[in-house]
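# Architecture at a glance
Now for the letters of each chain:
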Amino acid sequence: QVQLVQSGAEVKKPGTSVKVSCEASGYIFTNYYVHWVRQAPGQGLEWMAMINPSGGSTTYAQHMQGRVTVTRDTSTSTVYMELRSLRSEDTAVYYCVREREAVIVAPNSGVDYWGQGTLVTVSS
Amino acid sequence: QSALTQPPSVSGAPGQRVTISCTGSSSNFGAGWNVHWYQQFPGTAPKLLIFLDSNRPSGVPDRFSGSKSGTSASLAITGLQAEDEADYYCQSFDFSLGGYAFGTGTKVTVL
(Lines give C-alpha, C1' and ligand atoms only; values in the text may rest on other atoms or scores of the structure.)
Protein backbone atom coordinates (compact mmCIF):
# COMPACT_ATOMS: atom_id res chain seq x y z
CA GLN A 1 0.00 0.00 0.00
CA VAL A 2 1.08 3.56 -0.66
CA GLN A 3 2.72 5.22 2.33
CA LEU A 4 4.41 8.54 2.92
CA VAL A 5 6.33 8.58 6.19
CA GLN A 6 7.67 11.91 7.41
CA SER A 7 10.38 12.78 9.87
CA GLY A 8 9.55 13.85 13.39
CA ALA A 9 8.59 17.13 14.97
CA GLU A 10 11.12 19.95 15.09
CA VAL A 11 11.59 23.01 17.29
CA LYS A 12 13.69 25.73 15.71
CA LYS A 13 14.79 29.24 16.54
CA PRO A 14 13.97 32.18 14.28
CA GLY A 15 16.50 32.66 11.51
CA THR A 16 17.54 29.03 11.37
CA SER A 17 16.58 26.30 8.87
CA VAL A 18 14.65 23.06 9.00
CA LYS A 19 14.75 20.03 6.71
CA VAL A 20 11.83 17.61 6.69
CA SER A 21 11.98 14.24 4.98
CA CYS A 22 9.26 12.15 3.38
CA GLU A 23 9.94 8.51 2.55
CA ALA A 24 7.62 7.01 -0.04
CA SER A 25 6.77 3.35 -0.45
CA GLY A 26 4.22 1.12 -2.15
CA TYR A 27 4.47 2.66 -5.61
CA ILE A 28 7.00 3.61 -8.28
CA PHE A 29 8.57 6.69 -6.71
CA THR A 30 9.63 8.36 -9.96
CA ASN A 31 6.18 8.16 -11.52
CA TYR A 32 4.29 10.64 -9.31
CA TYR A 33 4.72 14.28 -8.36
CA VAL A 34 5.19 14.93 -4.65
CA HIS A 35 3.99 18.18 -3.10
CA TRP A 36 4.54 19.97 0.20
CA VAL A 37 1.52 21.55 1.88
CA ARG A 38 1.49 23.28 5.24
CA GLN A 39 -1.15 24.24 7.76
CA ALA A 40 -0.57 26.79 10.50
CA PRO A 41 -2.46 26.26 13.77
CA GLY A 42 -6.15 26.94 13.23
CA GLN A 43 -5.54 28.02 9.65
CA GLY A 44 -6.16 26.63 6.16
CA LEU A 45 -4.04 24.61 3.78
CA GLU A 46 -1.20 26.30 1.94
CA TRP A 47 0.54 24.78 -1.08
CA MET A 48 4.29 25.32 -0.98
CA ALA A 49 6.06 23.36 -3.69
CA MET A 50 6.18 20.28 -5.87
CA ILE A 51 8.84 18.04 -7.34
CA ASN A 52 8.95 15.63 -10.23
CA PRO A 53 10.94 12.79 -8.65
CA SER A 54 11.95 11.50 -12.05
CA GLY A 55 14.08 14.41 -13.20
CA GLY A 56 14.08 16.45 -10.00
CA SER A 57 12.43 19.52 -11.52
CA THR A 58 10.64 21.72 -9.00
CA THR A 59 7.95 24.38 -8.84
CA TYR A 60 7.61 26.69 -5.86
CA ALA A 61 4.82 28.93 -4.63
CA GLN A 62 5.76 32.48 -5.50
CA HIS A 63 5.64 33.68 -1.90
CA MET A 64 7.96 30.86 -0.82
CA GLN A 65 10.58 31.22 -3.55
CA GLY A 66 14.02 31.84 -2.25
CA ARG A 67 13.33 30.33 1.17
CA VAL A 68 12.33 26.77 0.30
CA THR A 69 14.15 24.01 -1.55
CA VAL A 70 12.73 20.60 -2.38
CA THR A 71 15.01 17.75 -3.39
CA ARG A 72 14.76 14.00 -3.78
CA ASP A 73 16.89 10.91 -3.41
CA THR A 74 15.71 8.24 -5.80
CA SER A 75 17.89 5.59 -4.17
CA THR A 76 15.83 5.84 -0.97
CA SER A 77 12.54 7.10 -2.47
CA THR A 78 12.74 10.12 -0.20
CA VAL A 79 11.75 13.73 -0.78
CA TYR A 80 13.19 16.54 1.33
CA MET A 81 11.87 20.02 2.04
CA GLU A 82 14.23 22.62 3.47
CA LEU A 83 12.87 25.94 4.72
CA ARG A 84 15.34 28.69 5.60
CA SER A 85 15.23 31.95 7.53
CA LEU A 86 12.49 30.61 9.75
CA ARG A 87 10.09 33.01 11.43
CA SER A 88 7.28 32.47 13.89
CA GLU A 89 4.74 32.50 11.05
CA ASP A 90 6.33 29.30 9.71
CA THR A 91 5.05 27.37 12.71
CA ALA A 92 2.81 24.78 11.09
CA VAL A 93 2.21 21.14 10.31
CA TYR A 94 4.00 20.29 7.08
CA TYR A 95 2.60 17.53 4.89
CA CYS A 96 4.09 15.74 1.93
CA VAL A 97 1.41 14.58 -0.47
CA ARG A 98 1.34 12.54 -3.66
CA GLU A 99 -0.32 13.52 -6.91
CA ARG A 100 -3.16 11.16 -7.77
CA GLU A 101 -2.14 10.51 -11.36
CA ALA A 102 1.27 9.70 -12.78
CA VAL A 103 3.58 12.40 -14.08
CA ILE A 104 2.94 11.34 -17.66
CA VAL A 105 -0.63 12.61 -17.26
CA ALA A 106 -1.32 16.34 -17.05
CA PRO A 107 -0.77 17.84 -13.56
CA ASN A 108 -3.54 18.93 -11.21
CA SER A 109 -5.30 15.60 -10.92
CA GLY A 110 -5.80 15.95 -7.16
CA VAL A 111 -3.62 14.61 -4.37
CA ASP A 112 -4.60 11.31 -2.85
CA TYR A 113 -1.99 10.23 -0.29
CA TRP A 114 -0.81 12.36 2.60
CA GLY A 115 2.06 11.89 4.99
CA GLN A 116 1.28 11.95 8.71
CA GLY A 117 2.46 15.55 8.98
CA THR A 118 5.47 17.08 10.71
CA LEU A 119 4.97 19.84 13.26
CA VAL A 120 7.59 22.54 12.94
CA THR A 121 7.58 25.04 15.78
CA VAL A 122 9.56 28.24 15.42
CA SER A 123 10.14 29.94 18.73
CA SER A 124 12.86 31.86 20.47
CA GLN B 1 -5.30 36.96 -0.76
CA SER B 2 -6.20 33.44 -1.85
CA ALA B 3 -6.89 32.62 -5.49
CA LEU B 4 -9.86 30.48 -4.41
CA THR B 5 -12.48 31.88 -2.04
CA GLN B 6 -14.88 29.83 0.08
CA PRO B 7 -17.46 30.84 2.68
CA PRO B 8 -16.00 30.44 6.18
CA SER B 9 -18.89 28.32 7.36
CA VAL B 10 -22.08 26.60 6.32
CA SER B 11 -24.56 24.70 8.46
CA GLY B 12 -27.55 22.48 8.08
CA ALA B 13 -29.78 20.07 9.93
CA PRO B 14 -29.36 16.32 9.54
CA GLY B 15 -30.86 15.17 6.25
CA GLN B 16 -30.65 18.57 4.61
CA ARG B 17 -28.63 19.54 1.55
CA VAL B 18 -25.79 22.02 1.87
CA THR B 19 -23.52 23.48 -0.77
CA ILE B 20 -20.06 24.98 -0.48
CA SER B 21 -18.96 27.42 -3.13
CA CYS B 22 -15.42 27.94 -4.38
CA THR B 23 -14.97 31.14 -6.34
CA GLY B 24 -12.01 31.30 -8.68
CA SER B 25 -11.00 33.39 -11.67
CA SER B 26 -9.81 33.35 -15.25
CA SER B 27 -6.39 32.13 -14.08
CA ASN B 28 -7.70 28.88 -12.61
CA PHE B 29 -11.20 27.54 -13.30
CA GLY B 30 -11.77 29.99 -16.12
CA ALA B 31 -8.63 28.68 -17.82
CA GLY B 32 -10.00 25.16 -17.69
CA TRP B 33 -8.16 23.82 -14.69
CA ASN B 34 -10.01 21.18 -12.71
CA VAL B 35 -11.16 21.51 -9.10
CA HIS B 36 -10.68 18.97 -6.33
CA TRP B 37 -12.21 18.84 -2.87
CA TYR B 38 -10.81 17.64 0.45
CA GLN B 39 -12.38 16.85 3.80
CA GLN B 40 -10.44 17.37 7.01
CA PHE B 41 -11.30 16.39 10.57
CA PRO B 42 -9.52 18.07 13.49
CA GLY B 43 -6.04 16.75 14.09
CA THR B 44 -5.95 14.62 10.95
CA ALA B 45 -4.62 14.97 7.42
CA PRO B 46 -7.07 15.99 4.71
CA LYS B 47 -8.71 13.32 2.57
CA LEU B 48 -9.50 13.55 -1.14
CA LEU B 49 -13.26 13.77 -1.51
CA ILE B 50 -13.84 14.78 -5.14
CA PHE B 51 -11.32 14.88 -8.01
CA LEU B 52 -11.48 16.33 -11.51
CA ASP B 53 -14.55 18.43 -10.73
CA SER B 54 -17.07 15.67 -10.05
CA ASN B 55 -15.46 12.28 -9.51
CA ARG B 56 -15.55 10.41 -6.21
CA PRO B 57 -12.68 8.17 -5.09
CA SER B 58 -13.63 4.68 -4.06
CA GLY B 59 -15.28 4.67 -0.65
CA VAL B 60 -16.63 8.22 -0.73
CA PRO B 61 -20.42 8.18 -0.23
CA ASP B 62 -22.51 9.33 -3.18
CA ARG B 63 -24.14 12.03 -1.04
CA PHE B 64 -21.04 14.07 -1.90
CA SER B 65 -21.03 15.61 -5.37
CA GLY B 66 -19.06 18.28 -7.15
CA SER B 67 -19.53 20.58 -10.10
CA LYS B 68 -17.78 23.43 -11.89
CA SER B 69 -18.99 26.12 -14.21
CA GLY B 70 -17.13 29.13 -15.51
CA THR B 71 -15.02 30.58 -12.71
CA SER B 72 -16.83 28.85 -9.84
CA ALA B 73 -17.13 25.39 -8.39
CA SER B 74 -19.26 23.84 -5.72
CA LEU B 75 -19.47 20.85 -3.43
CA ALA B 76 -22.86 19.55 -2.42
CA ILE B 77 -23.65 17.30 0.50
CA THR B 78 -27.11 15.77 0.35
CA GLY B 79 -28.64 13.96 3.29
CA LEU B 80 -26.30 15.71 5.71
CA GLN B 81 -25.07 13.49 8.53
CA ALA B 82 -23.42 14.30 11.85
CA GLU B 83 -20.23 12.62 10.65
CA ASP B 84 -19.96 15.18 7.83
CA GLU B 85 -19.06 17.90 10.31
CA ALA B 86 -15.56 18.85 9.17
CA ASP B 87 -13.54 21.40 7.24
CA TYR B 88 -13.68 21.32 3.44
CA TYR B 89 -11.18 22.76 0.98
CA CYS B 90 -11.22 23.20 -2.78
CA GLN B 91 -7.98 23.07 -4.77
CA SER B 92 -6.86 23.79 -8.31
CA PHE B 93 -3.96 25.06 -10.38
CA ASP B 94 -3.53 28.80 -10.86
CA PHE B 95 -1.29 29.96 -13.66
CA SER B 96 -0.92 33.49 -12.31
CA LEU B 97 0.51 31.98 -9.12
CA GLY B 98 2.47 29.44 -11.10
CA GLY B 99 1.35 26.56 -8.92
CA TYR B 100 -1.40 24.90 -6.99
CA ALA B 101 -3.82 26.77 -4.77
CA PHE B 102 -6.14 25.76 -1.98
CA GLY B 103 -9.37 27.47 -1.15
CA THR B 104 -9.78 29.38 2.09
CA GLY B 105 -11.69 26.51 3.66
CA THR B 106 -15.25 26.03 4.90
CA LYS B 107 -16.37 24.60 8.20
CA VAL B 108 -19.52 22.53 7.94
CA THR B 109 -21.62 22.36 11.09
CA VAL B 110 -24.45 19.88 11.53
CA LEU B 111 -27.11 21.48 13.68
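Here is a short report on the structure shown in this document.

Reading guide: rules and limits
- Residues numbered from 1 in each chain as written.
- Chains lettered and ligands numbered in written order.
- Predicted model: local features only at pLDDT ≥ 70, side-chain atom pairs only at ≥ 80, totals over all residues.
- Heavy atoms only, no water.
- Helix = DSSP H or I, 4+ residues; strand = E, 2+ residues; numbered from the N terminus.
- Buried < 20%, exposed > 50% of the residue type's maximum accessible area, 1.4 Å probe, protein only.
- Contact = heavy atoms within 4.5 Å.
- Areas by Shrake-Rupley, 256 points an atom, 1.4 Å probe, with all protein chains shown as cover.
- Lys, Arg positive; Asp, Glu negative; His and termini not counted.
- Charge placed at Lys NZ, Arg CZ, Asp CG, Glu CD.
- Buried area = accessible area lost by both parts, 1.4 Å probe.
- Salt bridge = Lys/Arg side-chain N within 4 Å of Asp/Glu carboxyl O.
- Polar contact = N/O pair within 3.5 Å; in protein donor to acceptor, adjacent residues only side chain to side chain.
- Pairing = 2+ DSSP bridges.
- Axes fitted to C-alpha atoms, helices over the stretch in contact; angles between N-to-C directions.
- Core = buried A, V, L, I, M, F, W, Y, C linked by side-chain atoms within 4.5 Å.

In terms of regular secondary structure, chain B is built from zero helices and nine strands. What you see in chain B, going N to C, is helices and strands ordered as β-β-β-β-β-β-β-β-β. When its C-alpha atoms are laid out on the principal axes, chain B stretches across 40 × 25 × 25 Å. Here chain B holds 111 residues, and 47% of them are scored as buried. Pairs at least 24 residues apart make up 57% of the contacts formed inside chain B by residues separated by at least 6 positions. Carbon and sulfur atoms make up 50% of the accessible area of chain B, which totals about 4,800 Å². Within chain B, one finds 6 positive and 7 negative side-chain charges whose respective centroids are separated by 4 Å.

Facing 23 residues of chain A, the contacting portion of chain B comprises 21 residues. Summed over both sides, the interface between chain A and chain B buries roughly 1,700 Å², with carbon and sulfur atoms accounting for 60% of that surface. Of all residues in chain A, A:L45, A:W47 and A:N108 bury the most surface against chain B, accounting for 38% of the area lost on that side. Here chain A is connected to chain B by zero salt bridges. Where chain A meets chain B, there are 12 residue pairs in polar contact (both at pLDDT 80 or more). Taken together, the elements giving at least two residues each to the side of chain A that touches chain B come down to β4 (34–39), β5 (45–51), β9 (92–99) and β10 (111–114) of chain A. Here the side of chain A that touches chain B gets four residues from one element, more than from any other, and that element is β5(A).

On to the sheet that holds strand β2 (residues 18–23) of chain B, then. Residue and element names in this part refer to chain B. If you walk across this open sheet you meet the three strands as β2-β6-β5, and the pairing is antiparallel. The outermost strands of the open sheet, each flanked by one partner alone, are β2 and β5 (64–69). Each adjacent strand pair in this sheet contributes to an overall mean axis angle of 20°, direction not counted. Summarising the sheet, β2 and strand β6 (residues 72–77) pair through six bridges and their orientation is antiparallel. Opposite T19, over in β6, you have A76 as the bridge partner.

Burial of nonpolar side chains together is a common tendency in soluble globular proteins. Judged by nonpolar contacts, the single largest core of 46 residues is most densely connected at A:W36, A:M81 and A:W114. Residues B:L4, B:V18, B:F64 and B:L75 belong to the second largest nonpolar core, which totals 23 residues.

In this section: the sheet that holds strand β1 (residues 3–6) of chain A. Residues and elements named next belong to chain A. One open sheet holds the four strands; their spatial order is β1-β3-β8-β7, and the pairing between them is antiparallel. A single partner strand is all that each edge strand has here, and the edge strands are β1 and β7 (68–73). Geometrically, the sheet is characterised by an average inter-axis angle of 20° between neighbouring strands, direction not taken into account. The pairing of strand β3 (residues 18–25) with strand β8 (residues 78–83) spans six bridges and is classified as antiparallel. What sits directly across from V18, in β8, is L83.

Residues and elements named next belong to chain A. Relative to the elements of secondary structure, Q6 occurs in strand β1. A polar contact of 3.1 Å, which involves the side chain of Q6, links it to the backbone nitrogen of C96. Q6 has contacts with V20, S21, C22, W36, Y94, Y95, C96, G115, Q116, G117 and T118, leaving out every residue within four places of it along the chain.

Keep in mind that these numbers describe shape and distance, not what the molecule does.
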